[in-house]
Amino acid sequence: MRDYKIVVLGAGGVGKSSLTVQFVQGVYIDSYDPTIEDSYRKQIEVDGRACDLEILDTAGVAQFTAMRELYIKSGKGFLLVYSVTDESSLQELLALRDQVLRIKDSDNVPMVLIGNKCDLIDERILNPQDGIKISENWGRVPFYETSAMHKTNVDESFIDVVRQIMRNEVNE
Ligand code: GDP
Ligand code: MG
């Protein structure tokens, strides 16, 4: 079975833990300790291949950059998450992606861009167009609007990044 290490990155409060737990356990829990960084395992089959996923739900504490370097180095695929209710969370991703590309020393790193909390219609500040624009600037990185609460596009996002990792392996 293949081992895939996936890292969930983004500003605090955007829903990294909610998305991870919704994907791994199929439940939505309303509050996680925002400081807890944890890793989860899940076995799935993608396009007929069994994959053993190890998902690191980061806590994005800026001062632990040495640790961040370590897990970015070992990560195979990345979910870059912002919240559609928080403009600055999208801005934060620009620096995070630069950091990922620099540490991986590649511009072909499996990743998806995620605008979470799309169920919060009244609190939405960012439109799908805002995410699409960034994804195009990033060379058409796949972009999803998600709701961890309603399980919208959650599996799709994780499976997309797994497919990208598989594709890279074929080219290796
Ligand atoms: P993290 O700091 O990125 O891990 O964010 P959390 O997963 O802890 O979520 C922060 C807050 O946003 C929590 O109160 C969650 O319940 C809430 N939240 C996360 N995802 C969603 C979502 O898709 N929709 C809504 N309405 N709230 C969400
Ligand atoms: Mg969290």
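Residues numbered from 1 in each chain as written. Chains lettered and ligands numbered in written order. Predicted model: local features only at pLDDT ≥ 70, side-chain atom pairs only at ≥ 80, totals over all residues. Heavy atoms only, no water.

## Topic: the site of ligand 1
Then step 1. In the vicinity of ligand 1 lie 18 residues, with Ser18, Tyr28, Asp30, Asp119 and Ala148 positioned nearest.
Then step 2. Here an oxygen atom of ligand 1 sits 2.7 Å away from a polar atom, N or O, in the side chain of Tyr28.
Then step 3. At 3.3 Å, a backbone N or O of Met149 approaches an oxygen atom of ligand 1.
Then step 4. Protein chains shield 86% of the accessible area of ligand 1, which is 570 Å² for the free molecule.
Then step 5. The cavity where ligand 1 resides is the largest pocket.
Then step 6. Sorting elements by how many residues they give to the shell around ligand 1 places helix H1 (residues 16–25) first, with three residues.
Then step 7. A breakdown of the residues in the shell around ligand 1 according to their chemical character gives seven nonpolar, seven polar and four charged. (Near = heavy atom within 4 Å. Polar contact = N/O pair within 3.5 Å; in protein donor to acceptor, adjacent residues only side chain to side chain. Areas by Shrake-Rupley, 256 points an atom, 1.4 Å probe, with all protein chains shown as cover. 1 Å grid on protein atoms, 1.4 Å probe; cavity = no way out; pocket = protein on both sides within 12 Å on 5 of 7 lines; lining within 4 Å. Sits in = over half its atoms within 2 Å of the grid points. Helix = DSSP H or I, 4+ residues; strand = E, 2+ residues; numbered from the N terminus. Nonpolar A, V, L, I, M, F, W, Y, C, P; charged D, E, K, R; others polar.)

## Comments concerning the pairing of strand E1 (residues 2–10)
Then step 1. Here seven bridges tie E1 to strand E3 (residues 49–57), and the two strands are oriented parallel to one another. Considered in E3, the bridge of Asp3 is made with Asp52.
Then step 2. Taken together, the five bridges between E1 and strand E4 (residues 77–83) define a ladder with parallel strand orientation. By the bridge assignment, Ile6 is partnered in E4 with Gly77. (Pairing = 2+ DSSP bridges.)

## Considering the layout of surface pockets
Then step 1. Space inside the largest pocket adds up to approximately 380 Å³.
Then step 2. Taken together, 22 residues form the lining of the largest pocket, with Gly13, Val14, Gly15, Ser18 and Lys117 sitting closest to its centre.
Then step 3. Here the element with the most residues in the lining of the largest pocket is H1; it accounts for three residues.
Then step 4. By residue class, the composition of the lining of the largest pocket is nine nonpolar, eight polar and five charged.
Then step 5. Each pocket or cavity is described by its volume, and for the second largest pocket that value is around 220 Å³.
Then step 6. Considering the residues around the second largest pocket, the lining is formed by 15 residues, among which Asn108, Val109, Pro110, Met111 and Gln164 are closest to the centre. (Points joined across faces, edges and corners; volume = space filled by probe spheres on them.)

Don't take any of this as a statement about function, it's just geometry.
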